[in-house]
Amino acid sequence: MPLGIIINSAAIFLGGILGALFGQHVSEKFKLELTMIFGACSMAMGVYAIAPMVYMPAVIFAVVLGTAFGLLIHLGDKIDKGAILMQKPISKFMNNDKLALDQDDFIQSLVTIIVLFCASGTGIYGSLDSGMSGDHSVLIAKSILDFFTAAIFASQLGFVVSLIVVPQFIIFFALFSLAKFIFPLTTPEMILDFKACGGVLMIATGFRIIKVKMFPTADMIPAMILILPFSWMWANWILPLL
């Protein structure tokens, strides 16, 4: 049973609903400063994930080539369009005129949390780990941060934040289901490099949250696919030549 995924989705959904309903009663100073903390927490989780990295060249190669591929196919633009489509059905029932963000800021913020909730290294690894070992602790820990993150962002973006649970649940459940096929093909070193690659995305996402630098985090997602074969190839093809 994907207990960790259910808890994570429930935390995002509930946080999004509560933030949209009551977020207007929270001061902008409180939201801004707490959002900065979320960015710092995302970067801290990224650093923690990167620390045990085994094959740095493989991770860097995967991030660079994965991001280049994402940029070439305009993956970020496609996710932007998807974010707009997610907002349209909500806007028919919920008036967002009271939201303080303009359209560009709205889309940038929405894409940031879509990537944070759906494509973080912690979430992807947690789903795989949950499916393979039945250990839900990673996803449960992620749920605590996601609840408050969803509430704060929903106070700025509205009820659309709660809809992110739909793609999030689909992605995580698919990984949970595929875990029994993926894990036997991996090595401990590949898993550590996989987490490190996700950590790079989480650091980039943290910078987006605090609006220091708008890294193309959506375009970086293909790196999560490339890192496993790249880590294996580095260990078995490149290192024996060095």
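The structure under discussion appears in the preceding block.
Everything numeric in this text was worked out from a predicted model, so none of it was measured. (Residues numbered from 1 in each chain as written. Predicted model: local features only at pLDDT ≥ 70, side-chain atom pairs only at ≥ 80, totals over all residues. Heavy atoms only, no water.)

1. Details of the overall build of the protein
Turning to step 1, where the next piece is worked out: A count of helical and extended segments in the protein gives 10 helices and 0 strands.
Turning to step 2, where the next piece is worked out: Relative to the 2.2 N^0.38 estimate, which gives 18 Å for 242 residues, the radius of gyration of the protein is 18 Å and therefore close to what a compact globule would have.
Turning to step 3, where the next piece is worked out: For the protein, the spread of C-alpha atoms along the principal axes amounts to about 60 × 35 × 30 Å.
Turning to step 4, where the next piece is worked out: The buried share among the 242 residues of the protein stands at 48%.
Turning to step 5, where the next piece is worked out: Once local pairs closer than 6 in sequence are excluded, the contacts in the protein between residues at least 24 apart make up 87%.
Turning to step 6, where the next piece is worked out: Taken as two groups, the 13 positive and 14 negative side-chain charges of the protein have centres that lie 5 Å from each other. (Helix = DSSP H or I, 4+ residues; strand = E, 2+ residues; numbered from the N terminus. Rg over C-alpha atoms; globule rule 2.2 N^0.38 Å. Buried < 20%, exposed > 50% of the residue type's maximum accessible area, 1.4 Å probe, protein only. Contact = heavy atoms within 4.5 Å. Lys, Arg positive; Asp, Glu negative; His and termini not counted. Charge placed at Lys NZ, Arg CZ, Asp CG, Glu CD.)

2. Quick notes on the pattern of salt bridges
Turning to step 1, where the next piece is worked out: Applying the stated criterion across every chain, the model contains 3 salt bridges.
Turning to step 2, where the next piece is worked out: Of the charged contacts in the structure, one is a salt bridge between Lys 31 and Glu 28, with a shortest N-O distance of 3.3 Å. On the criterion of helical spacing, the pair formed by Lys 31 and Glu 28 is a turn pair, its members being 3 residues apart in helix α2 (residues 28–50).
Turning to step 3, where the next piece is worked out: The exposure class assigned to Lys 31 is buried, which follows from its relative accessible area of 1%.
Turning to step 4, where the next piece is worked out: Here Glu 28 falls in the partly exposed class, since its relative accessible area comes to 48%. (Salt bridge = Lys/Arg side-chain N within 4 Å of Asp/Glu carboxyl O.)

3. A short note on the packing of aromatic side chains
Given two aromatic rings, one states the distance between the centres and the angle between the planes to describe the pair.
Turning to step 1, where the next piece is worked out: All told, the structure shown has 6 aromatic pairs when counted by the stated rule.
Turning to step 2, where the next piece is worked out: Pairing Phe 147 with Phe 148 gives two aromatic rings, centres 5.1 Å apart and planes at 85°, and the pair type is edge-to-face.
Turning to step 3, where the next piece is worked out: Phe 148 sits in the partly exposed class, given a relative accessible area of 44%.
Turning to step 4, where the next piece is worked out: Seen in terms of ring centroids, Trp 232 and Trp 237 are 5.6 Å apart; in terms of plane orientation they differ by 75°. Their pairing is edge-to-face.
Turning to step 5, where the next piece is worked out: Here the aromatic cluster, defined as three or more aromatic residues joined through ring pairs, consists of Phe 169, Phe 173 and Phe 176. (Phe/Tyr/Trp six-rings, centres within 6.5 Å; stacked < 30°, edge-to-face > 60°.)

4. Quick look at the nonpolar core
Turning to step 1, where the next piece is worked out: Residues Leu 110, Ile 113, Phe 117, Leu 157, Val 161 and Ile 164 are the most contacted members of the largest nonpolar core, which totals 29 residues.
Turning to step 2, where the next piece is worked out: Of all the elements in the fold, those that place two or more residues in this core are α1 (3–22), α4 (75–93), α5 (103–118) and α7 (137–157).
Turning to step 3, where the next piece is worked out: If you look at the next biggest cluster of nonpolar residues, it comprises 24 residues, including Ala 62, Val 63, Tyr 125 and Ala 179. (Core = buried A, V, L, I, M, F, W, Y, C linked by side-chain atoms within 4.5 Å.)

5. Observations regarding helix α10 (residues 223–238)
Turning to step 1, where the next piece is worked out: For α10, built from 16 residues, the straight-helix expectation of 22 Å at 1.5 Å per residue is missed by more than 12%, its first-to-last C-alpha distance being only 19 Å.
Turning to step 2, where the next piece is worked out: Taken residue by residue, α10 has Ala 223, Met 224, Ile 227, Leu 228, Phe 230 and Ser 231 as its buried positions. (Expected span 1.5 Å × (residues − 1).)

6. Let's talk about empty space enclosed by the protein
Turning to step 1, where the next piece is worked out: Scanning all chains against the criterion turns up 1 cavity of 30 Å³ or more.
Turning to step 2, where the next piece is worked out: When its volume is computed, the largest cavity comes out at roughly 40 Å³.
Turning to step 3, where the next piece is worked out: Every residue along the wall of the largest cavity is listed here: Met 45, Leu 116, Ser 120, Lys 142, Leu 145, Asp 146 and Met 202.
Turning to step 4, where the next piece is worked out: The class makeup of the residues in the lining of the largest cavity is 4 nonpolar, 1 polar and 2 charged. (1 Å grid on protein atoms, 1.4 Å probe; cavity = no way out; pocket = protein on both sides within 12 Å on 5 of 7 lines; lining within 4 Å. Points joined across faces, edges and corners; volume = space filled by probe spheres on them. Nonpolar A, V, L, I, M, F, W, Y, C, P; charged D, E, K, R; others polar.)

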